Amino acid sequence: MATIIKHSSHLVSGSIRNFRIRHIHGSKTQLSSNIFTTGRSSRNLSSTSSAKDPTISISSAPDSYVQGSTTHFGFENVAIEEKESKVRTVFQNVAESYDVMNDLMSAGLHRYWKDTLLSMTGVQPIATVLRSTPDTTGTSSSGSKLNILDVAGGTGDVAFRFLEAGGCPERSKSSGKDDIAITVCDINPDMLRVGERRARERYGNAIIDETQALTFQEGNAQYLPFEDNTFDLYTIAFGLRNVTDVDMALRDAKRVLKPGGRFLCLEFSNVTNPAFAAVYDTYSFNVIPKVGEIVANDRESYQYLVESIRKFCNQEELEGRLSKAGFENCKYTNMNGGIVAVHEGWKPLE
């Protein structure tokens, strides 16, 4: 079995210029891949906020996420340098039961939320175009045409959706490197080991060892082990709130994206209806930790995860942080009344 890559490696970035279209935003022309142009108005998920919408404004850029010498770990204040190790311990404890944890945290809804995230990326239609278009540029011999990075995705739940939408399991039955490459990056090696094991059991070894459609790499979201301008799409699902410095992570996300690349974050957020929020809080604080204790013998980890949601940015604040990090056309989409939201932004053309 191939070992998890633990050091930065050069990833040759491909090109999908032939599949890009132009969008006009006021006086600007934004070049973007049509993988990212799936419209959301027809999805009717919930309210959507956009920094470009003149009816909605962000009064000022948010303060730095980390200030002073301490930060939050759930409801506990800890030294900045301690949070990473504490979060690492939580996910070491839940690595083997991560799928159960997600079901408990979301009452099973995380599967729908991740499916919706996949749909919003448009990976499936762009993969269909890529696979049906003859390669006249030689891209496939030197690198992938479509590079996707899934951060904090250790066990592969989101990455597997990309693999299947892109037809990578079927492609792995043929020789040669795949035109589509999905990289899973996670700070926790235990999560990555679970993800790689699951991938090999589900799809076989070729998808990792031969076609290289899937790669697992250890790395910190605040300083990713990848070169500038590498990826077409960056996703992070239920991981950003666990990062010590969210602002640093957003800046590094922008760095590793190609010009015109897209950032998408699926994260627990702020419930917008007060009555529903009260019910949600009761379930979160009274049910989830207790069930975690019964099912996984680990009340403390589940208590932290519940508390971390309440300490994280609300929808407008995270949208402001995206803009502050240098992303353009930032917006968010609420799902299930704001239990979760998908935030997105584009790296400007350079």
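Thresholds applied
- Residues numbered from 1 in each chain as written.
- Predicted model: local features only at pLDDT ≥ 70, side-chain atom pairs only at ≥ 80, totals over all residues.
- Heavy atoms only, no water.
- Helix = DSSP H or I, 4+ residues; strand = E, 2+ residues; numbered from the N terminus.
- Expected span 1.5 Å × (residues − 1).
- Buried < 20%, exposed > 50% of the residue type's maximum accessible area, 1.4 Å probe, protein only.
- Arc of directions from axis to C-beta.
- Contact = heavy atoms within 4.5 Å.
- Core = buried A, V, L, I, M, F, W, Y, C linked by side-chain atoms within 4.5 Å.
- Phe/Tyr/Trp six-rings, centres within 6.5 Å; stacked < 30°, edge-to-face > 60°.
- Salt bridge = Lys/Arg side-chain N within 4 Å of Asp/Glu carboxyl O.
- pLDDT = per-residue confidence, 0-100.
- 1 Å grid on protein atoms, 1.4 Å probe; cavity = no way out; pocket = protein on both sides within 12 Å on 5 of 7 lines; lining within 4 Å.
- Points joined across faces, edges and corners; volume = space filled by probe spheres on them.
- Nonpolar A, V, L, I, M, F, W, Y, C, P; charged D, E, K, R; others polar.

A. A look at helix H1 (residues 80-94). The terminal C-alpha atoms of H1 lie 23 Å apart, and with 15 residues this matches the ideal 21 Å at 1.5 Å per residue to within 8%. Restricting attention to buried positions, one finds in H1 the residues Lys83, Val87, Val90, Phe91 and Val94. The buried residues of H1 occupy one face: seen down the axis, they fall within an arc of 85°. Taken together, the buried residues of H1 touch strand E4 (70-73), strand E5 (76-79), helix H2 (98-106), helix H8 (189-203) and helix H13 (299-311).

B. Fine view of helix H10 (residues 246-256). Residues Val246, Asp247, Ala249, Leu250, Asp252, Ala253 and Val256 constitute the buried set of H10. Contact partners of the buried residues in H10: strand E6 (146-151), strand E9 (231-237), strand E10 (257-268) and helix H14 (315-324).

C. Quick look at the nonpolar core. Leu163, Ile182, Leu214, Leu266 and Phe268 are the most contacted members of the largest nonpolar core, which has 60 residues in total. It is helix H6 (residues 157-165) that contributes the most residues to this core, 6 residues altogether. Counting residues in each nonpolar core, the second largest holds 27 residues, with Tyr65, Ala253, Phe312 and Leu318 among its members.

D. How the structure looks around the packing of aromatic side chains. Under the counting rule described, the total for this entry stands at 7 aromatic pairs. Ring geometry for phenylalanine 226 against phenylalanine 231: centres 5.1 Å apart, planes inclined by 85°, an arrangement best described as edge-to-face. One exposure class covers both phenylalanine 226 and phenylalanine 231, and it is buried. For the pair phenylalanine 263 and phenylalanine 327, a centre-to-centre distance of 5.4 Å together with 40° between the ring planes defines the contact as tilted. One end of the pair, phenylalanine 263, is in strand E10; the other, phenylalanine 327, is in the loop between H14 and strand E11 (328-335), with 64 residues separating them in the sequence. Across the pair, phenylalanine 327 and phenylalanine 263 agree in class, each one buried. Among the aromatic residues, those joined into a cluster by ring pairs are Trp113, Phe238 and Phe268.

E. The pattern of salt bridges, seen in detail. A complete count under the given rule lists 22 salt bridges for this structure. Salt-bridge contacts for aspartate 157 lead to lysine 114; the nearest nitrogen and oxygen are separated by 2.6 Å. One end of the pair, aspartate 157, is in helix H6; the other, lysine 114, is in helix H3 (residues 110-121), and 43 residues separate them in sequence. Accessibility expressed as a relative area gives 13% for aspartate 157, which makes it buried. Its relative accessible area of 3% is what places lysine 114 among the buried residues. A salt bridge links glutamate 201 to arginine 197; the nearest nitrogen and oxygen atoms lie 3.9 Å apart. In this pair, glutamate 201 and arginine 197 both sit in helix H8, 4 residues apart, roughly one turn of the helix. Of the residues examined, glutamate 201 reaches a relative accessible area of 60% and is grouped as exposed. A cluster of three or more residues bridged by salt bridges with shared partners is formed by Lys114, Asp115, Asp157, Arg161 and Arg198.

F. Representation of the confidence of the model for the chain in the model. In this model, the chain carries a mean pLDDT of 81, and residues with pLDDT of at least 70 account for 80%. In the model, residues 1-44 has pLDDT below 50 throughout and makes 120 contacts with residues more than four positions away in sequence or in other chains. Low pLDDT, under 50, characterises residues 49-59; the stretch is placed with 17 contacts to residues that sit more than four places away or in other chains.

G. Local environment of empty space enclosed by the protein. Scanning all chains against the criterion turns up 3 cavities of 30 Å³ or more. Its volume calculated, the largest cavity comes out at about 320 Å³. Taken together, 22 residues make up the lining of the largest cavity; nearest its centre are Val87, Ala152, Ile187, Gly239 and Asn242. Mapped by element, the contributors of at least two residues to the lining of the largest cavity are H1 and strand E7 (180-186). It is H1 that contributes the most residues to the lining of the largest cavity, 4 residues altogether. Here the residues of the lining of the largest cavity are counted per class, giving 12 nonpolar, 7 polar and 3 charged.

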